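# Report on the structure
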Amino acid sequence: MEHEKIGITEVAQHAGVSVATVSRVLNRKAGVSQKTRQLVERAMEEVGYERGAASGGIVGVITPGLSIPIFGVMAERIGLALAPHGLRAVVCPALPGGVQERDFLKSLLDLGASGIVFCSASNTLENFDPEVLQLLEHRPVPYVCINGRFEDSSSVAFSTDDAYAAELSVRHLHGLGHRRIAMAAGPVGNRPTDRRVAGYRAAMTALGLGEDEQLVVHQTYSVEGGQFAAEQLLAQGVTAVVAASDQMALGAIRAIRRQGLSVPEDVSVIGYDDGPLMEFTDPPLTTVRQPVDRLAAEVARALVGLLSGHQVPVGELMFQPEVVVRGTTAPHHPRRPPA
């Protein structure tokens, strides 16, 4: 085996132990017998493993912020998936007005980070900061993307199929008898949003429901954004709202109630993500669940493979979401006349 291609997986196979055991030896953790520790140390020498090459380092997980719960959950799962390989996830929320993504990246590279995960960060934007890719090119470090690739790059990405997610939402509502179905979408130029809008439009057309431009309102991924979008959509006489995030769905429900209407009796609402606590809202939120655990596992697998010098398929692998039916969607009935 070539020297630079040796990782902890090869060490574990050569020693006949688990990857987790090799990680514990590398990080000097308890729970490993002296005999096993010596076995692993000898295996590292025999296969030509370089300490620090693919273990014991940090991995920066760059997100657009943690106020949207799904990003916190994703970062946590990635950290758990990386830990058995001796890698520690450091979450870097790049917020407007705060530390910018390129600054986080510079710091991570200066610290000798083993790898980077772009979690729905600039990799999802049409007009991302070009300095981000320039830094990665000048100071090569393995990186993996979630929910979108950098354009014109050979990046590896794992994404939820957003277009299919929107289609699932529309078809779920159509099956309940809704025909005036609208979408509270995220910002234009955000790749997941653009894909969801495309999926929504394709499903509406396929079901013969038309292409009314006014039935899509773009806003921020927030409760306030969802409320504003729903206010505009209710004026169009919609009976159901497909929201681009769970937070937007909660905002839409607030807007609906403030107009004296009920969810789901008068207007059905379906969210996206299935973040923590959505099953405990009143009523529990019907939403589209992202396969977070599977995404995190594949991200960790790819990153460890890159760090070990293995070939990892370039491109974007799509994961299928699923509708979680709860209490905010129901069969459509004509609205009650005003009292």
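Before reading further, recall that the structure is shown in the block above.
## Describing the sheet that holds strand 4 (residues 143-146)
- The strand order across the open sheet built from six strands is 2-1-3-4-5-11, with neighbouring strands paired in parallel fashion. The open sheet has two edge strands, strand 2 (88-93) and strand 11 (315-319), and neither has a second partner. On average, adjacent strands in this sheet sit at an angle of 20 degrees to one another, irrespective of strand direction.
- Taken together, the five bridges between strand 5 (residues 156-160) and strand 11 define a ladder with parallel strand orientation. The residue bridging serine 159 from the neighbouring strand is methionine 318, located in strand 11.
- Each of strand 1 (58-63), strand 2 and strand 3 (115-119) touches helix 5 (residues 101-110); the most contacted strand, strand 1, lies at about 180 degrees to it.

## Details of the nonpolar core
- Judged by nonpolar contacts, the single largest core of 42 residues is most densely connected at Ile181, Tyr200 and Val269.
- Breaking this core down by element, the ones donating at least two residues are helix 7 (162-175), strand 6 (181-185), helix 8 (191-206), strand 7 (216-218), helix 9 (223-234), strand 8 (240-243), helix 10 (246-258) and strand 9 (268-273).
- Among the elements that make up this core, the one with the highest residue count is helix 10 (six residues).
- Leaving out residues up to four positions away in the same chain, tyrosine 200 has contacts with Ala166, Val170, Ile181, Ala182, Met183, Leu215 and Val216.
- Formed by 28 residues, the second largest nonpolar core is a distinct cluster that contains Leu82, Cys119, Val292 and Leu307.

## Section: the pattern of salt bridges
- Taken as a whole and assessed by the stated rule, the structure comprises 14 salt bridges.
- The partner of lysine 106 in a salt bridge is glutamate 131, and the shortest N-O contact between them spans 3.1 Å. Taken as a pair, lysine 106 in helix 5 and glutamate 131 in helix 6 (residues 130-138) lie far apart in primary sequence, 25 residues in all.
- Here arginine 195 makes a salt bridge to glutamate 316, at a shortest N to O gap of 2.9 Å. One end of the pair, arginine 195, is in helix 8; the other, glutamate 316, is in strand 11, with 121 residues separating them in the sequence.
- Its relative accessible area of 26% is what places glutamate 316 among the partly exposed residues.
- Several salt bridges share partner residues, and in doing so they unite Arg102, Lys106, Asp129 and Glu131 into one network.

## Here we look at the side chain of arginine 191
- Its location among the elements puts arginine 191 in helix 8.
- Those residues within four positions of arginine 191 in sequence are excluded, and the remaining contacts are Asn123, Thr124, Leu125, Gly148, Arg149 and Glu151.

## Thoughts on empty space enclosed by the protein
- Inspection of the entire model under this criterion finds two cavities of 30 Å³ or more.
- Taken as a whole, the largest cavity holds about 50 Å³ of empty space.
- The wall of the largest cavity is formed by Ala165, Ala166, Ser169, Met183, Arg196, Val242, Ala243, Ala244, Gly271 and Tyr272.
- Within the residue set of the lining of the largest cavity, elements represented by two or more residues are helix 7, strand 8 and strand 9.
- Top contributing element to the lining of the largest cavity by residue count: helix 7, with three residues.
- Considered class by class, the residues forming the lining of the largest cavity number seven nonpolar, two polar and one charged.
- Considering the residues around the second largest cavity, the lining is formed by Tyr200, Arg201, Met204, Gly210, Glu211, Asp212 and Leu215.
- By residue class, the composition of the lining of the second largest cavity is three nonpolar, one polar and three charged.

## Here's the deal with the layout of surface pockets
- Within this model, the largest pocket holds a volume of roughly 810 Å³.
- Counting only elements with at least two residues in the lining of the largest pocket, the list comes to helix 4 (69-82), helix 5, helix 8, helix 9 and strand 9.
- In terms of residue count, helix 4 provides more of the lining of the largest pocket than any other element does, three residues in total.
- Of the residues belonging to the lining of the largest pocket, the class tally is 19 nonpolar, 15 polar and six charged.

## What to know about helix 3 (residues 34-47)
- Taking 1.5 Å of rise per residue, 14 residues should cover 20 Å, and helix 3 covers 20 Å from first to last C-alpha, within 8% of that figure.
- Just beyond helix 3, the residue with positive phi is glycine 48, at close to 80 degrees.

## Some details on the pairing of strand 5
- When you tally the buried positions in strand 5, you get five out of five residues, the bulk of the element.
- As paired elements, strand 4 and strand 5 share three bridges and run parallel to each other. When the sheet's bridge partners are listed, isoleucine 146 is paired in strand 5 with phenylalanine 158.

## Quick look at helix 9
- Between its terminal C-alpha atoms helix 9 stretches 16 Å, which fits the 16 Å expected from twelve residues at 1.5 Å a residue.
- What helix 9 keeps buried is the set Gly225, Gly226, Gln227, Ala229, Ala230, Leu233 and Leu234.
- Elements in contact with the buried residues of helix 9: strand 6, strand 7, strand 8 and helix 10.

## Focus: the pairing of strand 6
- Most of strand 6 sits inside the fold, with five of its five residues counted as buried.
- Alternating residues of strand 6 divide into Ile181, Met183 and Ala185 and Ala182 and Ala184, and every residue in both groups is buried.
- The pairing of strand 6 with strand 8 spans four bridges and is classified as parallel. What sits directly across from alanine 184, in strand 8, is alanine 243.
- The pairing of strand 6 with strand 7 spans three bridges and is parallel. Residue pairing across strands places alanine 184 opposite valine 217, the latter belonging to strand 7.
- Tracing the backbone out of strand 6, into helix 8 and back to the parallel element strand 7 gives a crossover that is right-handed.

The rules we used
- Residues numbered from 1 in each chain as written.
- Predicted model: local features only at pLDDT ≥ 70, side-chain atom pairs only at ≥ 80, totals over all residues.
- Heavy atoms only, no water.
- Pairing = 2+ DSSP bridges.
- Helix = DSSP H or I, 4+ residues; strand = E, 2+ residues; numbered from the N terminus.
- Axes fitted to C-alpha atoms, helices over the stretch in contact; angles between N-to-C directions.
- Contact = heavy atoms within 4.5 Å.
- Core = buried A, V, L, I, M, F, W, Y, C linked by side-chain atoms within 4.5 Å.
- Buried < 20%, exposed > 50% of the residue type's maximum accessible area, 1.4 Å probe, protein only.
- Salt bridge = Lys/Arg side-chain N within 4 Å of Asp/Glu carboxyl O.
- 1 Å grid on protein atoms, 1.4 Å probe; cavity = no way out; pocket = protein on both sides within 12 Å on 5 of 7 lines; lining within 4 Å.
- Points joined across faces, edges and corners; volume = space filled by probe spheres on them.
- Nonpolar A, V, L, I, M, F, W, Y, C, P; charged D, E, K, R; others polar.
- Expected span 1.5 Å × (residues − 1).
- Right-handed = clockwise from strand over helix to strand, strands pointing away.

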